[in-house]
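# Notes for the structure review
Each chain, letter by letter, is given below.
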Amino acid sequence: MEASLNDIDDMIVHEKMQAALEYQNEAWADGMADGIEPEIIADAAIAHALRETIRLQGEKSAEALLDSLLERMLAGEFSANRTLQ
């Protein structure tokens, strides 16, 4: 059975997300190696992401992103000791 266009699009987005996470991990490791505290790296990454979201999509999209991240955080998605069932 052939993959639908939506399936292919989903796979492409997933692969791009994996690549983006690898870039972020490399940047994080480089910052840590240079002696930058994790809190400062995190703050800079979040601030940059918000600026770019606002520049590209506007403040409403940035607000929606923040709301989504808050919901996901409260659901435990980002917790290091999260248990998957």
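For clarity, every value in this text was computed on a predicted model and none was experimentally measured.

The rules we used
Residues numbered from 1 in each chain as written. Predicted model: local features only at pLDDT ≥ 70, side-chain atom pairs only at ≥ 80, totals over all residues. Heavy atoms only, no water. Helix = DSSP H or I, 4+ residues; strand = E, 2+ residues; numbered from the N terminus. Rg over C-alpha atoms; globule rule 2.2 N^0.38 Å. Buried < 20%, exposed > 50% of the residue type's maximum accessible area, 1.4 Å probe, protein only. Areas by Shrake-Rupley, 256 points an atom, 1.4 Å probe, with all protein chains shown as cover. Axes fitted to C-alpha atoms, helices over the stretch in contact; angles between N-to-C directions. Parallel < 35°, antiparallel > 145°, perpendicular 65-115°, else oblique. Contact = heavy atoms within 4.5 Å. Nonpolar A, V, L, I, M, F, W, Y, C, P; charged D, E, K, R; others polar. Salt bridge = Lys/Arg side-chain N within 4 Å of Asp/Glu carboxyl O. Patch = residues over 30% accessible without salt bridge, like charges linked within 9 Å, V, L, I, M, F, W, Y side chains within 5 Å.

### Some remarks on the overall build of the protein chain
- In terms of regular secondary structure, the protein chain is built from three helices and zero strands.
- The C-alpha atoms of the protein chain give 16 Å as radius of gyration, which overshoots the globular expectation for 85 residues (12 Å, by more than 25%).
- The principal-axis extent of the C-alpha atoms belonging to the protein chain is close to 50 × 30 × 25 Å.
- Counting all 85 residues of the protein chain, 6% fall into the buried class.
- Roughly 7600 Å² of accessible area belongs to the protein chain as shown, and the carbon and sulfur atoms make up 57% of that amount.

### Description of the packing of helix α2 (residues 38–57) against helix α3 (residues 59–74)
- Relative orientation of the contacting elements α2 and α3 amounts to 140°, with a least axis distance of 7 Å. Overall, the two elements α2 and α3 adopt an arrangement that is oblique. Facing Leu-50, Thr-53, Ile-54 and Gln-57 of α2, the residues of α3 in contact are Glu-59, Ser-61, Ala-62, Leu-65 and Leu-66.
- Looking at the contact of α2 with α3, its residues break down into five nonpolar, three polar and one charged.

### With respect to the side chain of Thr-53
- Locating Thr-53 in the fold gives a position in helix α2.
- Apart from the residues lying within four places of it in its own chain, the contact partners of Thr-53 are Gly-58, Ser-61, Ala-62 and Leu-65.

### With respect to the pattern of salt bridges
- Summed over all chains, the structure comprises two salt bridges.
- Residue Arg-55 is joined to Glu-52 by a salt bridge in which the shortest nitrogen-to-oxygen separation is 2.7 Å. One end of the pair is Arg-55 and the other is Glu-52, both in helix α2 and three residues apart, which spans about a single turn.
- On the basis of relative accessible area, Glu-52 is assigned to the partly exposed category, the value being 27%.
- With its nearest N and O atoms 2.8 Å apart, the salt bridge here joins Arg-72 to Glu-77.

### Section: the environment of Asn-81
- Note on placement: Asn-81 falls in the segment after α3.
- For the pair Asn-81 and Asn-6, spaced 75 residues apart in sequence, the C-alpha to C-alpha distance is 32 Å.

### With respect to a nonpolar patch on the surface
- On the surface, Leu-65, Leu-66, Leu-69, Leu-70, Met-73, Leu-74 and Phe-78 cluster together to form a nonpolar patch covering roughly 640 Å² of accessible area.
- Considering the arrangement of structural elements, one finds Met-73 in helix α3.

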